[in-house]
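# Structural overview
Here is what each chain is made of, one letter per residue.
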Amino acid sequence: MGQARGFLSRVLTLVAKDIRIEWRTRDSVVTMVVFGLIVLLTFGFAFDMAVVNVGAIAPGVLWAAIAFSSTLGLSRSFSMEKDRGAIEGLLLLPVDRSTIFLAKVAANLMYMGVAEVVLVPALVVLFNLSAAHLGSLLLVVLLGSVGFAGVGTLFSAIAIHSRAREVLLPVLLLPVTTPVVLACVKVTNSIFAGFSLDEVAHWLVLLVAFDVIFLALSALLFDYVIED
Amino acid sequence: MIEVHDVHKSFGYRSVLRGVSLVVGPGETVALIGANGAGKSTLLHILSTLIQPDYGEVRIAGFDLARKPQEIRRRIGLIAHKTLLYDDLSVGQNLRFYGRMYGVPKPEVINRSLMERLGLWERRDELVRSLSRGFQQRAAIARALVHDPPILLLDEPDTGLDAHTIEILRALVLNDGARRRAVLMATHNVHRAAKWGRRVAVLADGRVTVGDSTDVCGSGDQERLFETGDVHGAG
């Protein structure tokens, strides 16, 4: 019990540190929101809403905006630790590497959550969608974000050792998270079409399985990738 | 407290450490000297668990480096070239963060004492990025000492420090807790090595030879010393 409380306390201290830095710099969240809105607006103007089936294209637009904007935010996750060798300060801490990993995932999830709080209503307004299914949508967005943040945090840690880290992260991340994006698009599509979540349960199971497997795998591999 | 036996480390085809052995006991300060690129920082990075040796045994505070790295991290403080601080946090926030992560009881009291001694108390609310290089290095020293580690690893700790701050650092490192603390300081400044360490370890050609600081540093032929590592011939 005491060990679990100590673990949680250290994770919270690490998350609080990241949020304090983000609050001061606003590097990740502002970039994610602005980029996500640009994606939504671009697609919004590209399609003629009077002609196309908006409910069919909106899920793809939403997840493209979330995937691309999250990639931008995730690329900052460990690059900020590189400044003045703070990453070495982290690695010198007497904590298990998985503590650092989980704290980073939690912080990244929060940044993604803030961006999604702006992007989802913007999509509903821009594509003139019904807001009746926002509860179900919230579940899908949460599951998709966990998968994205889990794998993205690991790849962000891999990318910091490369000089081309901004390029490397999307090249690594987007192919691996294709099942997440695909499942999220399918479920979101069904939600906008008025189906219940039961009818797309197999996609939800895929999302949950991806989240659990890749979070566990990423936490295990993090120890090896974070060291030079 | 620091026991290094036959440690090897290569980067690609370049062999940096080729059988380094060294012991630093409690209450002892050993200066590690060598030319640029001799492997001083590599050895300190191995001792601080940041990189793994290819071969050899390292025990710190009785713990095996390969098996108990967390126990070792709890007991070491590292002052490196970089400050290891967050630019966008204040000095006080950085020290509070590290204090909490090391599980320091009442970190505020220790942090205040450290900041006062290092002349940082009035600047505790300033962002690290806004400080001069000298004050950043002072903050880095406070960070390394926040958990009062029994083992200190110093990698060119005087970088960017004025003479007054170097004396403060020396007092913090060598006087406070000096009876129990093992200190290994890497430097290429032979005179500083002689002043700080009773023993000097010369790292040359991937190996370490240890001698008395007055003998090693008194010869004046630094170039030959760094090249051959012959501490006995130096005096």
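Residues numbered from 1 in each chain as written. Chains lettered and ligands numbered in written order. Predicted model: local features only at pLDDT ≥ 70, side-chain atom pairs only at ≥ 80, totals over all residues.

### With respect to the overall build of chain B
How we decide: Runs of E in the DSSP output that reach at least two residues are strands. Runs of H or I that reach at least four are helices, and both are numbered from the N terminus. The burial label depends on the number of other C-beta atoms within 10 Å of a residue's C-beta. Counts of 20 or more mean buried, 12 or fewer mean exposed, and intermediate counts mean partly exposed, with C-beta atoms placed from the backbone. By definition, residue pairs are in contact when their C-beta atoms, positioned from the backbone, come within 7 Å.
If you tally the helices and strands in chain B, you get 10 helices and 10 strands. Put simply, chain B has 235 residues, and 49% of those count as buried. Considering only contacts within chain B whose residues lie at least 6 apart along the sequence, 65% involve residues at least 24 apart.

### Concerning the interface of chain B and chain A
To keep it simple, the criterion reads: Note on residue categories: nonpolar means Ala, Val, Leu, Ile, Met, Phe, Trp, Tyr, Cys or Pro, charged means Asp, Glu, Lys or Arg, and polar means any other residue, Gly included.
The partner chain A presents 20 residues to the 21 residues of chain B that form the contact. Broken down by secondary-structure element, the contributors of at least two residues to the side of chain B that touches chain A are helix 2 (69-75) and helix 3 (91-101) of chain B. By residue class, the composition of the side of chain B that touches chain A is 11 nonpolar, four polar and six charged.

### So, the nonpolar core
Across soluble globular proteins, nonpolar side chains have a tendency to be buried as a group. What counts, and what does not: Remark: nonpolar core denotes a set of buried Ala, Val, Leu, Ile, Met, Phe, Trp, Tyr and Cys residues whose joining runs through C-beta atoms within 7 Å.
In this structure, L123(A), I2(B), L32(B), I60(B), A139(B), A142(B) and L153(B) are the most contacted members of the largest nonpolar core, which totals 139 residues. Among residues more than four places away in sequence, those in contact with L32(B) are K40(B), L43(B), L184(B), M185(B), A186(B), A201(B) and L203(B).

### Concerning helix 8 (residues 178-192) of chain A
Residues and elements named next belong to chain A. The cut-off we apply is this: Here a helix's expected span is defined as the number of its residues, less one, multiplied by 1.5 Å.
For helix 8, built from 15 residues, the straight-helix expectation of 21 Å at 1.5 Å per residue is met to within 8% by its first-to-last C-alpha distance of 21 Å. Looking at the buried side of helix 8, the elements it contacts are helix 3 (54-82), helix 6 (134-159) and helix 9 (201-225). Of the residues flanking the end of helix 8, it is G194, one or two places downstream, whose phi is positive at about 90 degrees.

### With respect to unusual backbone geometry
Despite not being glycine, N128(A) has its phi angle at roughly 50 degrees, a positive value. N128(A) gets classed as exposed once you count the C-beta atoms within 10 Å, which come to 10. Phi is positive for D148(B), which is not a glycine, with a value near 45 degrees. Inspection of the secondary structure assignment puts D148(B) in the loop between helix 5 (133-145) and strand 7 (151-155). Residue D148(B) is classed as partly exposed on the basis of its 14 C-beta neighbours within 10 Å.

### Points about the pairing of strand 6 (residues 76-79) of chain B
All names here are of chain B. The test is simple: If DSSP finds at least two bridges between two strands, the strands pair.
The side-chain alternation of strand 6 yields two buried faces, one formed by I76 and L78 and the other by G77 and I79. Pairing analysis gives four bridges linking strand 6 to strand 7, with the strands arranged parallel. Of the residues in strand 7, the one forming a bridge with I79 is L154.

### As for the sheet that holds strand 6 of chain B
All names here are of chain B. To be explicit about the condition: Under this scheme, a helix contributes an axis fitted over its contacting stretch, all axes are lines through C-alpha atoms, and angles between N-to-C directions fall in the 0 to 180 degree range.
With mixed pairing, the six strands of this open sheet are ordered in space as 6-7-8-3-9-10. Both edges of this open sheet fall to strand 6 and strand 10 (207-212), since each of them pairs with a single strand only. Each strand of the sheet is rotated relative to its neighbour by a mean of 20 degrees, with strand direction disregarded. Looking at chain direction, strand 7 and strand 8 (residues 182-187) are connected through five bridges and run parallel.

### Observations regarding the sheet that holds strand 1 (residues 2-11) of chain B
Within a sheet, adjacent strands bond to each other through the backbone by hydrogen bonds, running parallel or antiparallel. Within the open sheet, the four strands sit side by side as 2-1-4-5 (chain B). Their pairing is antiparallel. Because the sheet does not close on itself, it has two edges, and the strands there are strand 2 (14-24) and strand 5 (63-64) of chain B.

### Focus on the pairing of strand 7 of chain B
For strand 7 of chain B, a buried count of five out of five residues is recorded, marking the element as mostly surrounded by other parts of the structure. What you see with strand 7 of chain B is no split at all: I151(B), L153(B) and D155(B) on one side and L152(B) and L154(B) on the other are buried throughout.

### Observations concerning the packing of helix 8 of chain A against helix 9 of chain A
Residue and element names in this part refer to chain A. This is how the line gets drawn: Small angles under 35 degrees read as roughly parallel and large ones over 145 as roughly antiparallel, with 65 to 115 read as roughly perpendicular and the rest as oblique. A crossing counts as left-handed when the near helix is turned anticlockwise from the far one by less than a right angle, and as right-handed when that turn is clockwise.
Taken N-terminus to C-terminus, the directions of helix 8 and helix 9 make an angle of 150 degrees; their axes are 9 Å apart at the nearest point. By the angle between their directions, the pair helix 8 and helix 9 is classed as roughly antiparallel. Once helix 8 is placed against helix 9, the crossing between them reads as left-handed. Between helix 8, through P179, V180, A183, C184, K186 and V187, and helix 9, the contact on the second element is made entirely by W203, L204, L206, L207 and F210. Considered class by class, the residues forming the contact of helix 8 with helix 9 number 10 nonpolar, no polar and one charged.

### Quick notes on the packing of helix 3 of chain B against helix 5 of chain B
Residue and element names in this part refer to chain B. Between helix 3 and helix 5, the least distance of the axes is 9 Å, while the angle of their chain directions is 20 degrees. As judged from the angle between their axes, helix 3 and helix 5 are roughly parallel. Note on packing geometry: the crossing formed by helix 3 with helix 5 is right-handed. For the pair helix 3 and helix 5, contact is made by V91, N94, L95 and Y98 and by A139, A142 and R143, respectively. Split into classes, the residues belonging to the contact of helix 3 with helix 5 amount to five nonpolar, one polar and one charged.

### Describing the environment of T214(B)
Its place among the elements puts T214(B) in helix 8 (residues 213-218). Each C-alpha atom of the pair T214(B) and A194(B) lies 6.3 Å from the other, and the pair is 20 residues apart in sequence.

### A short note on the environment of K104(A)
Residues and elements named next belong to chain A. In this fold, K104 is placed in helix 5 (residues 97-126). Judged by the 28 C-beta atoms lying within 10 Å of it, K104 falls in the buried class. K104 sits 53 residues away from A157 along the chain, and the two C-alpha atoms are 10.0 Å apart. Here K104 is in contact with S77 and T153, once residues within four sequence places are set aside.

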